[in-house]
Amino acid sequence: MTFKKRTHTCGDLNISNVDETVVLNGWVSSVRDLGGIYFIDIRDRYGITQLRIVPENGEPYDVASRIGLEFVISSSGKVIARENPNRNIPTGEIEIDVSELTVLNKSAVTPFVVEEDIKASEELRFKFRYLDMRRKKISDNIVLRSRVFQTVYRYFDSEGFLVIETPILMKSTPEGARDYLVPSRIHKGKFYALPQSPQTYKQVLMVAGMDKYIQICKCFRDEDLRADRQPEFTQIDLEMSFVSESDVFNVCENMIREIWKEIKGIELESFPVMSYDEALLTYGSDKPELRIKGDMKITDVTGTVEDCGFKVFDDVVNSGGMVAGLKLEGREVTRKVIDNLTEYVKSLGMGGLAYFRFNSDGSVQSPVSKFISETVQNNIREKFDAKNGDTVFLLSGEKKRTLLALGNLRLKLATDFMLIDESVDRFIWINDFPLFAFDDEANQIIAEHHMFTMPKGEELYKLDSDKCDIETITSIRANCYDLVCNGSEFGSGSIRIHRRDIQEKVFNILKLDKQEVEQKFGFLLKAFEYGAPPHGGFAFGFDRIVATLCGTKDIRETIAFPKTTSALSLMDGSPGSVEQKQLDDLGIVIKY
RNA sequence: GGAGCCGUAGUUCAGUUUGGUUAGAACGCCUGACUGUCACUCAGGAGGUCGCGGGUUCGAGUCCCGUCGGUUCCGCCA
């Protein structure tokens, strides 16, 4: 079938094109039949243009009567000025006086109407993603994503980085997230794993002297999903040799700055740096949201309530826990709000929520006031610098748990009371993360970031076996850092261990035996024996960067073919079953 | 693995609290009228396995149990 090539897109034409003869190809977005005149909106991803067809146009008038929504059409004609311009769209001053109208392809009646103000559920939109993507809202996101992609590679190219591809089929390592496995046909009973990240490869590339590596790559983690987590996601992965933390910060920060300049036309100021410990104490999170009005920092009142006589607090203080809280400025919250917040902190595993309502009439309302002396109450008030009209919320319990719960409560309050300034993007580096954490469940020491992370130089001595108590070990800080934007982790990285002796001490502490280590990471350690340079790197969550630029937290809105929270692809129906022969080839028997 | 919310026409929802005649509305779809619309308007029409399975009941969209799917949160995600 032949068709006329388009001379313009549906977003191109304006008043300066009047009298030109043009050809537009696109989809029927709307048909308005006024009985004697048709107005047809033709759409492509660039825009929408109005076609005007009257009986005098001849055959096109007949064709128009048989046209439906989402038909693919080709239309030729002369650009004319509209009698009644539509100022709301860029092409609104003109229309096409149609001389030729061809249906290139019909469309079945669509399961939902393709319109900007979409009514269909996400479920349906994902199943018919190709229809969903015809909406400007989604196609704009996809276009933006492409522009970010190009900006990133352009930036790193100008900085002398090499784009190097790493394998998608690699070896499974049980550490970290659950792997997606791929069975081997040639080696029955053996499996490849899809990369959780190209971590080991990029470190080997440094040993190879590749110096500055960059790749935008897919990563796979078989864990439970969230709005900002997909089973397969995209990382901007980079690694550099002969660098320290500040070098990595510079390169990464400049990349972000370049993207924001390109996409938003904004020159970002340099990003502040805060240690993990300070972030946890101040915001109850290692990814603090800095756009909250009044900042809403955590106030520690453990010392203030010591021996106050209120059993709950006394018990917590005596067992080494903490009592701390947040101040909600200028809000006298209702009973209903308190109940709701109490329920929320309980869902976080906290015992309850104490509060002081400092009413504007000077009275104080609190469920714990009858247990606590007026002096202590006044001290608490002073600590928070609470004024009439403020409400103070207190949580108590084991220190880290309490801080993390306060961090969540802070976000909940900010959301519920609309305290987040959505008009800005606030970045912050978080560094000096702990090297190790103690996993209560497994009752063992685990690597907080990953096992190749370099401890801070001044703390190297703590790795020695004679200092191996849990408290010392978990106090070790690492050359490890996250970039946080608007309370969302944009990425993380570290300076890596390049010396075998340090690496072995880390393995020791993680209780990994030689054979196990050899089997899993032998190739990397082997590589390190042949002159590994000091190196470090970073990995950005590409989807989250794009989502932020698109003004959403839901990365699905920025991915062409996203999966649901149960890791299904509704459009193509993956995962699906396979034929018995395929299983036989792989030597796989399915057990349910 | 745990908790919450949702599932009714092609679509978005109402109806579920308190079980009871023929399950409604809007948009879309079909037919007709209309020459300046852009959410066109107007008149008429078709369209339902109330997610699925079981149970209670004379009777279930409505109550109970299970299950599937969507979504949010906790755990998990080095």
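Residues numbered from 1 in each chain as written. Chains lettered and ligands numbered in written order. Predicted model: local features only at pLDDT ≥ 70, side-chain atom pairs only at ≥ 80, totals over all residues. Heavy atoms only, no water.

A. Examining the protein's contact with RNA strand B more closely. With respect to spatial proximity, 46 residues lie near RNA strand B, and among them Asp33, Gly35, Arg52, Asn84 and His449 are the closest. Protein-proximal atoms of RNA strand B, defined as those within 4 Å of the protein, fall in sugar or phosphate at a share of 53%. Between RNA strand B and Arg32 there is a distance of 2.6 Å, counted from a base oxygen to a side-chain nitrogen or oxygen. Contact between RNA strand B and Ser197: a base nitrogen at 3.1 Å from a side-chain N or O atom of the residue. (Near = heavy atom within 4 Å. Polar contact = N/O pair within 3.5 Å; in protein donor to acceptor, adjacent residues only side chain to side chain.)

B. Spotlight on the sheet that holds strand β16 (residues 391–397). Ordered in space as β12-β13-β16-β14-β15, the 5 strands form an open sheet in which the pairing is antiparallel. Here the strands that pair on one side only, and so sit at the sheet edges, are β12 (299–300) and β15 (364–365). When strand β14 (residues 354–358) meets β16, the two strands line up antiparallel, connected through 4 bridges. Paired with Ala354 across the bridge in β16 is Leu394. Each of β13 (322–328), β14 and β16 is contacted by helix α8 (residues 311–318), which is oriented at about 50° to β16, the strand it contacts most. (Pairing = 2+ DSSP bridges. Helix = DSSP H or I, 4+ residues; strand = E, 2+ residues; numbered from the N terminus. Contact = heavy atoms within 4.5 Å. Axes fitted to C-alpha atoms, helices over the stretch in contact; angles between N-to-C directions.)

C. Examining the layout of surface pockets more closely. If you add up the space inside the second largest pocket, you get close to 540 Å³. Residue assignment for the lining of the second largest pocket shows that the elements contributing at least two residues are α7 (276–283), α11 (399–416), β18 (436–439) and α12 (470–475). The element contributing the most residues to the lining of the second largest pocket is α7, with 4 residues. When its residues are assigned to classes, the lining of the second largest pocket shows 9 nonpolar, 1 polar and 7 charged. (1 Å grid on protein atoms, 1.4 Å probe; cavity = no way out; pocket = protein on both sides within 12 Å on 5 of 7 lines; lining within 4 Å. Points joined across faces, edges and corners; volume = space filled by probe spheres on them. Nonpolar A, V, L, I, M, F, W, Y, C, P; charged D, E, K, R; others polar.)

D. Representation of the pairing of β13. Most of β13 sits out of view: 7 of its 7 residues are buried. Of the two faces of β13, the one carrying Met322, Ala324, Leu326 and Leu328 and the one carrying Val323, Gly325 and Lys327 are both buried. Where β12 lies against β13, 2 bridges are found, and the strand directions are antiparallel. Bridge assignment links Thr299 to a residue of β13, and that residue is Gly325. (Buried < 20%, exposed > 50% of the residue type's maximum accessible area, 1.4 Å probe, protein only.)

E. Region of the structure containing the packing of aromatic side chains. Under the defined criterion, the tally for this structure stands at 21 aromatic pairs. Here Phe271 and Phe427 contribute two aromatic rings whose centre-to-centre distance is 4.5 Å and whose plane-to-plane angle is 10°, an arrangement assigned as stacked. Of this pair, Phe271 sits in the loop between α6 (245–264) and β11 (273–275) while Phe427 sits in strand β17 (residues 427–431), and the two are 156 residues apart along the sequence. No difference in accessibility class separates Phe271 from Phe427, as the two residues are buried. Its end group placed over the ring of Phe271, Arg257 keeps NZ or CZ at 5.8 Å from the ring centre. One Lys or Arg, Lys412, reaches over the ring of Tyr344 and ends 5.2 Å from the middle of that ring. (Phe/Tyr/Trp six-rings, centres within 6.5 Å; stacked < 30°, edge-to-face > 60°. Lys NZ or Arg CZ within 6 Å of the ring centre and 35° of its normal.)

F. Geometry of the pairing of strand β3 (residues 47–53). For β3, the buried fraction is high: 5 of the 7 residues fall into the buried class. The pairing of strand β2 (residues 38–44) with β3 spans 7 bridges and is antiparallel. Opposite Tyr38, over in β3, you have Ile53 as the bridge partner. Taking the residues that link successive antiparallel strands as the turn, the β2-β3 hairpin has 2 residues. Of the pairings in the sheet, the one linking β3 to strand β5 (residues 94–105) comprises 2 bridges and is parallel in character. Looking at the pairing, Leu51 lines up with Ile96 of β5.

G. Up close: helix α10 (residues 374–384). Inspection of α10 places Val376, Gln377, Ile380 and Phe384 among the buried residues, and these make up the whole buried set. Down the axis of α10, the buried set is contained in an arc of 105°. They therefore lie on one face. More than 90 degrees from the buried face of α10, the exposed residues found are Glu374, Thr375 and Glu382. In this structure, the buried residues of α10 make contact with β12, β13, β14, β15 and β16. (Arc of directions from axis to C-beta.)

H. Looking closely at the pattern of salt bridges. Tallying each qualifying case throughout the model produces 45 salt bridges. Here Asp425 and Lys264 are joined by a salt bridge, their closest N and O atoms 2.8 Å apart. Of this pair, Asp425 sits in the loop between α11 and β17 while Lys264 sits in helix α6; the two residues are 161 residues apart in sequence, bridging distant segments of the chain. Several salt bridges converge on common partners, so that one network encompasses Arg125, Arg129, Asp132, Arg135 and Glu557. (Salt bridge = Lys/Arg side-chain N within 4 Å of Asp/Glu carboxyl O.)

I. Layout of helix α14 (residues 514–528). In this model, α14 (15 residues) spans only 16 Å end to end at C-alpha, well below the 21 Å of a helix rising 1.5 Å per residue. The largest bend along α14 measures about 85° and falls at Phe521. Of the surrounding elements, those touching the buried residues of α14 are α5 (199–207), α13 (500–509) and β22 (535–541). (Expected span 1.5 Å × (residues − 1). Bend = angle between axes of the 7 residues up to and from the residue.)

J. Just the side chain of Arg496, in detail. Here Arg496 lies in the loop between β21 (488–495) and α13. For Arg496, the side chain forms a polar contact with the side chain of Glu239, separated by 2.7 Å. Leave out the neighbours within four places in its chain, and Arg496 touches Gln199, Lys202, Gln203, Glu239, His449, His450, Phe452, Met454, His535, Gly536, Gly537 and Phe538.

K. Geometry of the sheet that holds strand β1 (residues 21–33). The sheet built from 5 strands closes into a barrel, its strands ordered β1-β2-β3-β5-β4 with mixed pairing. When strand polarity is set aside, the average angle formed by the axes of neighbouring strands in this sheet is 55°.

L. Spatial organisation of a positive patch on the surface. A cluster of like positive charges, contributed by Arg226, Arg229, Lys287 and Lys553, occupies part of the molecular surface. As for its position among the elements, Arg226 is in the loop between β9 (212–220) and β10 (232–241). The class of Arg226 is partly exposed, set by a relative accessible area of 46%. (Patch = residues over 30% accessible without salt bridge, like charges linked within 9 Å, V, L, I, M, F, W, Y side chains within 5 Å. Areas by Shrake-Rupley, 256 points an atom, 1.4 Å probe, with all protein chains shown as cover. Lys, Arg positive; Asp, Glu negative; His and termini not counted. Charge placed at Lys NZ, Arg CZ, Asp CG, Glu CD.)

From the geometry alone we can't say anything about function, so treat these as descriptive.
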